[in-house]
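# A closer look at the structure
This is what each chain is made of:
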Amino acid sequence: MNMIKKINRTSPGPMLLFSIILLLFFGGSSCGNQSGEKTEGKSSGFLNKLTEDDSDDVAGEGVNALLISPKNPRPGEVFHILATGGKGVLKAPISVRGVSGSIESRKSRNGNGLPYWKIDEFVAGSEGKYEVTLQIDNKKVKNLTFGVISRPSLPGSKAIWQNELSWGAETEALYSAWINALFYDADESASWTSLHSVMQNSERNFLYNHLSLDEDNPAGKSRIIMQPDCADNPFCLRAYFAWKMGLPFGYHECDRGALGRNPKTGRWITNDSPSSKTSPVLAFNSFLRRVMDGVHSGTARTALRDENSDYYPVPLTRSALLPGVVFADPYGHTLTLVKWIPQSEGKPGTLLSVDAQPDGTVAIKRFWKGNFLFTTTGVIGEPGFKAFRPIIRKGGQSILLTNSEISADSGLTGFSLQQKGLNGDSFYHIMDRNINPKPLDPETALLDLVQALYEQLLVRITSVNVGENYMKSHPGAIVPMPSSAAGVFQTGGQWEDFSTPNRDLRLLIAMDAVLDFPDKIVRSPEDFKMPILQSPEKVKKNLEALLSRKLSELSITYTRTNGSEQKLTIADILLRREAFEIGYNPNDGIEIRWGAPENSEERSTCHRHVPPGQMQTMRSVRTWFSKRLHPPT
């Protein structure tokens, strides 16, 4: 109201009123950024072009491919067909014709996004040859043949598994669709105790028992075992798909690099290696353990140009960041993209990923600054979004494609150096534009950030409880703590299993992002759909009031040492954020880990404290937390 009065005192009334009416009519309810364009100096034309050229219509042109599972159904067995491609595939009929004529689909489900896919369910008829056809707009675009067999034969190869295909546009499209379908209905509250528990869900996993070896049956005699940590998780997903499909797979032994020197790859180990196991499932399990022992946080941070790497960098565009693409953060964490939820009217878009923790837990995480750290300054290696480097078969050998061979012309996601040397602000700005092509109103954007922080706090409850449960079941035990800053953030054994330094540093960064948001509106109002006739300062003041209310409404509850429940609002937690700089040690009682003030009633039930030597180390390491920086690891 004051703003309007001020304008009325300084401008001719009728003319101003007419101008405002025109503005409302042609400009909607926002100003300065109606079309999503960025102002000169804040966002280059290149960034605008990324969003415009990567529109839904362009991105919807997928690669058509078909896949049947099980690979060879038995007579009378239920089987499924996965079709992937552009938007047209969602309504495209999948026809199956066998020895006794056509088979009708019993039910269908689909994924409405990149990649577009549908899965139809059928029941196999008599033994014999079958043909599958995919039709779009009454035109046959893809077909395949398969056999219904009473007793599938076991592979005769001495290798861990036999290669039948090469990685290319179709197999990459199927891999992306499989990842998306695997986690399609999962949200940020979803977690599993292991990766194999995801695979053992026949409703999720299209490739459940694909080899007809009872390999995914949790009660089976020989079943897969997959319990990766974060660096292992992308390789486990890729290896599982490759094994089921008869695709080549490999990984490089790799050092961890150092400041000024990227991690360097060494020997390449593939599924062509001989196996002494007679069971294909046990051979896979044994090989997977070798993979998990061989890869680590440095594996994903090799030089972007390194053609002997297991990954290659992709452009930061909507059509390139498909499910299955891996994010390697600068400090050793990795996440695999699983799903895009598009922006809708009044609701922000979301990009979801899956990661794994040292205790084997697998969980869904959203893209935001609190989960996806990015910087190219003062770090070891070159982080960012990367895809697995395709492997082809040539002359009976497995061969990695070179950077020049990985191009959009081949149907693959092209090699790109866009992320090389990119600063954090530019990275997050580009990703924000991908996730929300249209500017958000400030309130919606703020509430989305608060929700992301809340979800991160809920995850921390589980993480802290893992350590607390161990300490309670081992009274008097002391979890050994590394003596260096780098060791605190990167190590193995019990410390890695039960401490939370990396997660707490991310949490502190997330807290800062939420608290800083009202000021961000003043710094960059052109990035948002600003209310008409309100100055950025006024919007900031309104946001601060909204933030205060919301932080007092949302709360978490943890269980104290004596078994009583302690409720904390997010506002309470933010007031304690300095305590979270030293709240990661499992040798401390749970009250200390949640920042209970000294001499408070809440802390009175705490009877466990870190040894003096560890506290001295924690004080020396604290500077990294207070600066919101990670030591090079």
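Up top is the structure.
The present account deals with the structure reproduced in this document. Per chain, residues are indexed from 1 in the order of the written sequence. Only residues with pLDDT of at least 70 get local features here, since the model is predicted, and only at 80 or more are side-chain atom pairs given and counted; chain-wide, interface and lining totals rely on the full set of residues. Only hydrogens and water are removed before side-chain values are computed, so all heavy atoms of the structure are retained for them.

The next thing to look at is the state of the cysteines. When two cysteine sulfur atoms lie within 2.5 Å, the pair is treated as a disulfide. Counted according to the given criterion, the structure contains zero disulfides. Cys236 takes part in no disulfide bond, and the closest cysteine sulfur to it belongs to Cys230, at a distance of 12 Å.

As a further point, take the nonpolar core. To form a nonpolar core, buried Ala, Val, Leu, Ile, Met, Phe, Trp, Tyr and Cys residues must be joined to one another through side-chain atoms within 4.5 Å. Burial classification: accessible surface area is computed with a 1.4 Å probe over protein chains only, and a residue below 20% of its type maximum counts as buried, one above 50% as exposed, and the rest as partly exposed. Grouped together as the largest cluster of nonpolar side chains are 59 residues, with contacts concentrated most on Trp178, Phe183, Met199, Leu237, Phe241 and Ile364. Counting from the N terminus, the helices are the DSSP runs of H or I reaching at least four residues and the strands are the DSSP runs of E reaching at least two. With nine residues, the top contributor of residues to this core is helix H7 (residues 232–245). With 56 residues, the next largest nonpolar core counts Phe489, Ala510, Val514 and Leu568 among its residues.

Looking now at the pairing of strand E4 (residues 94–98). Along E4, the buried face is formed by Ile94, Val96 and Gly98; none of Ser95 and Arg97, which line the opposite face, is buried. Note: two strands are recorded as paired if DSSP finds a minimum of 2 bridges between them. As judged from the four bridges shared by E4 and strand E8 (residues 128–136), these two strands associate in the antiparallel manner. In the strand pairing of E8, Ser95 is matched with Thr133. Strand direction decides the pairing type here: E4 and strand E5 (residues 101–103), joined by three bridges, are antiparallel. What sits directly across from Arg97, in E5, is Ser102. The antiparallel hairpin formed by E4 and E5 contains two residues in its connecting segment.

Reading across the sheet, the four strands line up as E5-E4-E8-E9 and stay open at both edges, with antiparallel pairing between neighbours. Taken across any chain shown, the strands that pair with only one partner, and hence form the sheet edges, are E5 and strand E9 (139–148). The mean inter-strand angle of the sheet, taken between neighbouring strand axes irrespective of direction, is 25 degrees. Axis lines are fitted through C-alpha atoms, for helices just across the contact stretch, and the angle between N-to-C directions can take any value from 0 to 180 degrees.

All right, on to the pattern of salt bridges then. Between Lys or Arg on one side and Asp or Glu on the other, a salt bridge is scored when a side-chain nitrogen of the former is within 4 Å of a carboxyl oxygen of the latter. Evaluation of the coordinates by the stated rule reveals 27 salt bridges. A salt bridge links Glu602 to Arg576; the nearest nitrogen and oxygen atoms lie 2.5 Å apart. Taken together, the positions of Glu602 in the loop between helix H16 (590–593) and helix H17 (612–626) and Arg576 in the loop between helix H15 (570–575) and H16 put the pair 26 residues apart, joining distant regions of the chain. Accessibility expressed as a relative area gives 7% for Glu602, which makes it buried. Of the residues examined, Arg576 reaches a relative accessible area of 14% and is grouped as buried. Through salt bridges with shared partners, one network takes in Glu188, Arg366, Asp448 and Glu455.

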